[in-house]
Amino acid sequence: MAEDDLIVVDSDHINGFRDNKHTTHSLENGLQDDQHFSDAEDFVDDITDDDLLSDLLRNKPTEHSGLQNVVIVDRIPQVGPEKADKLKVVLAKLFSKSGKIMNEFYPIDENNQTKGYAFFEFENPEQALEAVKLLDGHKLDKQHIFAVNLFTDIDKYLRIPDEIEEPAKEEYSDRGNLHYWLLEPECCDQYSVLYESGESTAVYLNSMPEPTLVKERKLWTEQSLQWSPLGTYLATFHRRGIALWGGEEFTQMARFSHDSVSFIDFSPCEKYITTLSQPLVVANDPNAIIIWDIRTQTKKRAFSADPTQPLIWPIFKWSFDDKYFARINAESLSIYETPSFGLLDKKSVKIAGIKNFTWSPSQNILAYWVAEDQNVPARVTLLEIPSRNELRAKNLFNVADCKMHWQKCGDYLCVKVDRYTKAKKADNEPNKYSGMYYNFEVFHMREKQIPVDSLEIKEKFESKQCNHLFWSPAGQFIVLASLRTSSYVLEFIDTSDFTITSTSEHFQITDVEWDPTGRFVVTGVSNWAHKVDNAYWLWSFQGRLIRKHSLDRFCQLETSGAGGWEEWLLFYFLQAFLEFFISRVKLLELREADNDLKNNEDETEETVEFLIKEEVIVLDDDDD
């Protein structure tokens, strides 16, 4: 800009208002010699700080900002400068498992020795909390067991009152008989039905000749339904979480706040429930998976899930007694224990190449299999928990895949092995495979040293128009079905002699489900897949059609987690035995009293004599 150039500024509109005192006295750079920036007397400021500085205010630091990310580690070794670097490397390696360490600080005394505690700052509060859960109580050596706490907990511990106030006693709330269905006289099982495109839900008893309606409600669930494994609770899905219902009137027993839950899983004894939120998995949120205590409705522990890996549900698998649960991580198996919900022995089991695992239904024993790796064969291993002793291992060759199935009582473990068939090859050529074959490896769990039998498949059903197999919970019977295809064929097979007991069709069939006792089979056409012919049909285990039940826009049928038949049989057997025993005792008491009365009335004295003949035989010496 030239020195003689002037910038003309309209001084009448400076700072958003008109100034009549100052006209066009223009100076260089557009500033006036007597310009001021005060507001007019009648000016109203209607712009808030939130409008102008929303981003800055949102991230405005607070008094305790960043302290939630810090943990204090007490009871660490007190060492001098010569060992301090080694101590820092060891602790950094341990705590980096919980997240990214931003800063660390080791206070020292006048002799340059560590004071026995340290501070670690993580990237976020979730990582700090994970460090507390993972390493509090960690045993570094015999003399040093960590005490890990959040920095923000110091004030909480300082505010502990000297005198303990007893918590107020809550009134007992009778939740009713949650197992009332065991008293059902006809031992009918329960099942739930979702229809009218999910707007209506009904619970029925599987009575004959027609089902009996137990409870019906509108908009009971927003997604689907699921029974607990023992049939105590019925779970409904909602946008804000999960609700559990039970009792004769199906009143709400519990609710768990977890947004957009996609999957749930109950522990075998119904002590805990696991919920998974698919949107939180995608966001890699540390609360994507939460394990809850059903009775107290409290959150016990949260986990994240890798969004880049395929989701296989359930992620956690429970032991039969709810004492342990486990999941597969990268080249390891993480086993957690309850009620602490911490890692068993504070570390995972390193298992390179692990593919899958399953728990015994009657013992705390894990079975897992490892895939082949070059010249190392595949392997099925039985692991005892919590000792981690290897009970039995079986090497397998040319393995493509393995499926593990436990017998109901845990007496046997059957492993279905898919194997490659080797083709002939020339010298120095790599292995070639020409096909597949299958066999079963059966582990005898109750016998000494757990012997293993190898079984070849003899009986085969070939050229069957089916794409799904459904085994009866009681075994022996199986249904072959063609789902979501154009054939809609159903075949009922008795595997004791491999006879086809019945062949039928269900047009546009989408679902097949056995009842828990193995007495009935349900086939259905869901409105979620087809908009017409929505109904469910009930069959006997031998394939006899019992009834057809059409419902408007039928969606889902879910059988109760535990059938009443076995429990009903045991209950009534014990009841009948007690009644019989009591009646026998009363009858014996009456007879005794009657006999005592008769003896007192007709009491007489009798003398009984016995005639004994005495005979003496003398033996001569010659007879000896």
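Residues numbered from 1 in each chain as written. Predicted model: local features only at pLDDT ≥ 70, side-chain atom pairs only at ≥ 80, totals over all residues. Heavy atoms only, no water.

- Per an unreviewed UniProt entry, the protein chain goes by the name Eukaryotic translation initiation factor 3 subunit B and belongs to Medioppia subpectinata.
- Under the UniProt heading Subunit (unreviewed entry), the entry covering the protein chain gives this text: "Component of the eukaryotic translation initiation factor 3 (eIF-3) complex."
- Reading the Sequence similarities (unreviewed entry) entry of the UniProt record for the protein chain gives the comment "Belongs to the eIF-3 subunit B family." (UniProt positions renumbered as here; feature names shortened; annotations may be inferred.)

Overview of the confidence of the model for the protein chain
Right, on to step 1. Taken residue by residue, the protein chain gives an average pLDDT of 82. The fraction at 70 or more is 79%.
Right, on to step 2. Ignoring residues within four places in sequence, the model shows residues 1–33, a span with pLDDT below 50, making 35 contacts including any to other chains. (pLDDT = per-residue confidence, 0-100. Contact = heavy atoms within 4.5 Å.)

Observations concerning the packing of aromatic side chains
Right, on to step 1. Enumeration according to the criterion identifies 28 aromatic pairs in this entry.
Right, on to step 2. Between Trp227 and Phe250, the aromatic rings sit 6.2 Å apart at their centres with planes inclined by 75°, giving edge-to-face as the arrangement. Within this pair, whereas Trp227 is found in strand β8 (residues 225–227), its partner Phe250 is found in the loop between β10 (241–246) and β11 (251–257), the two being separated by 23 residues in sequence. Comparing Trp227 with Phe250 shows no difference in burial state: the two are buried.
Right, on to step 3. Ring centres 6.2 Å apart and planes at 75° place the aromatic pair Phe316 and Tyr336 in the edge-to-face group. With Phe316 in the loop between β15 (298–303) and β16 (317–318) and Tyr336 in strand β18 (residues 332–337), this residue pair connects regions lying 20 residues apart in the sequence.
Right, on to step 4. Residue classification places Phe316 among the buried residues on the basis of a relative accessible area of 2%.
Right, on to step 5. Using a relative accessible area of 6% as the deciding quantity, one classes Tyr336 as buried.
Right, on to step 6. In this arrangement the basic side chain of Arg217 is found over the ring face of Trp220, its NZ or CZ atom lying 4.5 Å from the centre.
Right, on to step 7. Here the basic side chain of Lys317 rests over the ring of Phe357, its NZ or CZ set 4.9 Å away from the ring centre. (Phe/Tyr/Trp six-rings, centres within 6.5 Å; stacked < 30°, edge-to-face > 60°. Helix = DSSP H or I, 4+ residues; strand = E, 2+ residues; numbered from the N terminus. Buried < 20%, exposed > 50% of the residue type's maximum accessible area, 1.4 Å probe, protein only. Lys NZ or Arg CZ within 6 Å of the ring centre and 35° of its normal.)

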